[in-house]
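Summary of structural features
Next come the chains, spelled out residue by residue.
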Protein chains: 2
Amino acid sequence: MKILLVGAHGTVGRGVATELKARHEVIAAGRRGATVTLDLADAASIRKALESLGPVDAIVSAAGQVGWAPLLELTQEQWAYSVANKLMGQVNLALVGQEFLRDGGSITLTSGVLFDQPVPYGAAASLANGGIEAFVRAAAIELPRGLRINAVSPGVLAESMEDLGPFFRGFEPVSAARVALGYSRSVEGSDTGKVYAVQ
Amino acid sequence: MKILLVGAHGTVGRGVATELKARHEVIAAGRRGATVTLDLADAASIRKALESLGPVDAIVSAAGQVGWAPLLELTQEQWAYSVANKLMGQVNLALVGQEFLRDGGSITLTSGVLFDQPVPYGAAASLANGGIEAFVRAAAIELPRGLRINAVSPGVLAESMEDLGPFFRGFEPVSAARVALGYSRSVEGSDTGKVYAVQ
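The structure displayed is predicted, hence computed values, not measured ones.

Now for the overall build of chain A. Regarding its fold elements, chain A presents 6 helices and 7 strands. The C-alpha atoms of chain A give a radius of gyration of 16 Å, which matches the 16 Å a tight globule of 199 residues would have. Projected onto its principal axes, the C-alpha positions of chain A cover 45 × 35 × 35 Å. Taken over 199 residues, chain A has a buried fraction of 60%. A sequence separation of at least 24 residues applies to 67% of the contacts in chain A between residues at least 6 apart. Accessible surface for chain A amounts to roughly 7,700 Å². Of this, 50% is attributable to carbon and sulfur atoms. Here chain A contributes 17 positive and 19 negative side-chain charges, whose respective centroids are spaced 4 Å apart.

Dropping the structure here:
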């Protein structure tokens, strides 16, 4: 398969790349330093990237920035940034990307454990995750040509505990390699409208 | 209790008003024709409305417009409208509104059955509902002064079946009066971070 991987250089993305590269052609996309330059918050850049690639079999997003601050200190700019990136950025990736998928191709987006296990500072992340999980279920029943769409909901990454540990006390960290299995199930399996919790 | 009810003249809002007016002072708010004028998509109008009222004991949103179209025909404008109204409009109502709540007061937002039971044309509604459900859980653990926040997730309204019936075949309609009980539980109970499914 020819797979576009957005956010290829993040912690999750590197794990996904390692998992999928063993069997497929993985094209790394991201805001900088990747084979293909693509900013989730910029729908035109999504289209441009896909036009440069031609048809693909799978589109995977391991990306999606959000604002991180106490609930009452999150600014309007941080809310807008979170919505434009992790939420609508991934939605736009799916909606633009489906045009470039071969029949039966798949889209895999990223949610996260904060969807239903919130932590302080994480309200914008929680909101984005909730939107993504509902969106993949809704999109799954309307996508044409046998296209599939799922999400993976990673727990806190073991690789991120040095930075995020204080926010996630008591959460069992998961390795990026284990999280990558969720993406493999979505891309290489046959499900649609599913959320794979790897937590 | 003194309760601000946003979307008071909608189908759900009228049911909520009937239920809560029996025991409380309910102030109707909406974009037009209400006691207090308030547009969820306009944060400044939310603040202005609350400043005109002084402290309240509860804020209830039975509002939140979304775009409604086949997945691949939803325009960027319809997505933005959905996010600005049902999703971030309700979030802004909570974030601005909490300043005007008395200690221990409550916020009640509206999700909907499309969160996890999607129908064609409903992807933007599903997304907004997912964001709201995740947001109330996240906000509940950070709100100060014993403030509470919950959501109600109504099924398709019996009163709306003439218009919406073709989209919701097989869904069991619920009356606005029954849906209103969810809002009563949130306002008059002690829960926080809950989603009451009245479906």
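We are not done yet, so read on.
To continue, consider the pairing of strand β1 (residues 2–6) of chain B. Along any regular strand, the residues point their side chains to alternate faces of the sheet. Residue and element names in this part refer to chain B. Counting buried positions along β1 yields 5 of 5 residues, so the element is predominantly enclosed. Burial along β1 is two-sided: the face carrying K2, L4 and V6 and the face carrying I3 and L5 are both buried. Remark: the β1/helix α1 (residues 11–21)/strand β2 (residues 25–30) crossover connection has right-handed handedness. Here 4 bridges tie β1 to strand β4 (residues 56–61), and the two strands are oriented parallel to one another. When the bridges of β4 are listed, L4 appears paired with I59.

Here the focus is the relation of the copies chain A and chain B. Between chain A and chain B, which share one sequence, the superposing operator has a rotation angle of 180° and an axial displacement of 0.0 Å; the RMSD is 0.0 Å. Taken together, the turn and the small shift mark the pair as related by a two-fold rotation axis. Comparing interface residues between copies, 100% of those in chain A also lie at the interface in chain B; the contact surface is shared.

All names here are of chain B. Packing of helix α2 (residues 43–53) against helix α3 (residues 76–97) brings their axes to within 10 Å, and their N-to-C directions diverge by 40°. One element, α2, and the other, α3, form an angle in the oblique class. Here α2 and α3 pass one another in a crossing that is right-handed. For the pair formed by α2 and α3, the contact residues are A43, I46, R47 and L50 on the first element and G89, N92, L93, V96 and G97 on the second. Considered class by class, the residues forming the contact of α2 with α3 number 5 nonpolar, 3 polar and 1 charged.

Quick look at the sheet that holds β2(B) now. Residues and elements named next belong to chain B. Taken together, the 7 strands give an open sheet; going across it, the order is β3-β2-β1-β4-β5-β6-β7, and neighbouring strands pair in parallel fashion. Here the strands that pair on one side only, and so sit at the sheet edges, are β3 (36–37) and β7 (195–198). Note: strand β5 (residues 101–110) against strand β6 (residues 148–154), 5 bridges, orientation parallel. Bridged to T108 within β6 is N150. On the sheet, α1 packs against β1, β2 and β4 and is oriented at approximately 170° with respect to β1. Helix α4 (residues 123–140) contacts β5, β6 and β7 of the sheet and is inclined by roughly 160° relative to β6.

Residues and elements named next belong to chain A. By the criterion of burial, strand β5 (residues 101–110) is predominantly enclosed, with 7 of the 10 residues buried. Pairing between strand β4 (residues 56–61) and β5: 4 bridges, direction parallel. Residue pairing for β5: V56 is matched across the bridge by L101. Regarding the hand of the β-α-β motif, the stretch spanning β4, helix α3 (residues 76–97) and β5 is right-handed.

Moving on, we get to the packing of aromatic side chains. For any pair of aromatic rings, the description rests on two quantities: the centre-to-centre distance and the angle between the ring planes. Counted by the stated rule, this structure contains 13 aromatic pairs over all chains. On the numbers, 5.8 Å between centres and 70° between planes, the contact of F135(A) with W79(B) is edge-to-face. On the criterion of chain membership, the pair formed by F135(A) in helix α4 (residues 123–140) and W79(B) in helix α3 is interchain, its members lying in two chains. F135(A) sits in the buried class, given a relative accessible area of 0%. The buried category is assigned to W79(B), whose relative accessible area is 2%.

The rules behind each value
- Residues numbered from 1 in each chain as written.
- Chains lettered and ligands numbered in written order.
- Predicted model: local features only at pLDDT ≥ 70, side-chain atom pairs only at ≥ 80, totals over all residues.
- Heavy atoms only, no water.
- Helix = DSSP H or I, 4+ residues; strand = E, 2+ residues; numbered from the N terminus.
- Rg over C-alpha atoms; globule rule 2.2 N^0.38 Å.
- Buried < 20%, exposed > 50% of the residue type's maximum accessible area, 1.4 Å probe, protein only.
- Contact = heavy atoms within 4.5 Å.
- Areas by Shrake-Rupley, 256 points an atom, 1.4 Å probe, with all protein chains shown as cover.
- Lys, Arg positive; Asp, Glu negative; His and termini not counted.
- Charge placed at Lys NZ, Arg CZ, Asp CG, Glu CD.
- Right-handed = clockwise from strand over helix to strand, strands pointing away.
- Pairing = 2+ DSSP bridges.
- Least-squares fit on C-alpha atoms with pLDDT ≥ 70 in both.
- Axes fitted to C-alpha atoms, helices over the stretch in contact; angles between N-to-C directions.
- Parallel < 35°, antiparallel > 145°, perpendicular 65-115°, else oblique.
- Left-handed = near helix turned anticlockwise from the far one by under 90°.
- Nonpolar A, V, L, I, M, F, W, Y, C, P; charged D, E, K, R; others polar.
- Phe/Tyr/Trp six-rings, centres within 6.5 Å; stacked < 30°, edge-to-face > 60°.

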